[in-house]
Amino acid sequence: MTHRARHTEPDTSHASPADEPGHDVVPRRGDFLEFLGLVLAAGALVLVVVRPELPEALVRAFSSSTAGLVR
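Residues numbered from 1 in each chain as written. Predicted model: local features only at pLDDT ≥ 70, side-chain atom pairs only at ≥ 80, totals over all residues. Heavy atoms only, no water.

**Describing the pattern of salt bridges**
For the structure shown, the criterion picks out 2 salt bridges. For Arg 51, the salt bridge identified is with Glu 53, shortest N-O distance 3.0 Å. On the accessibility criterion, Arg 51 (46% relative accessible area) is partly exposed. Judged by its relative accessible area of 42%, Glu 53 is partly exposed. Arg 60 is paired through a salt bridge with Glu 56; the nearest N and O atoms lie 2.8 Å apart. Here the residue Arg 60 and the residue Glu 56 both occupy positions in helix α2 (residues 53–70), the gap between them amounting to 4 residues, near one helical turn. (Salt bridge = Lys/Arg side-chain N within 4 Å of Asp/Glu carboxyl O. Buried < 20%, exposed > 50% of the residue type's maximum accessible area, 1.4 Å probe, protein only. Helix = DSSP H or I, 4+ residues; strand = E, 2+ residues; numbered from the N terminus.)

What follows is the structure in structure tokens.
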């Protein structure tokens, strides 16, 4: 996961925000987006392994549509 640096003052506690009373820790939006990206990448990898002809078909379709724009 992504490491987030914390800027601390010299006389502050090194406890996590969950250990400090009165602080609720909720997942950040970036954490969810990072998880979603990993799931999509893993799904694409599985799809390539299961259906190896799919990337070739996608490249062929993309190149033919691009060639149509050039003409």
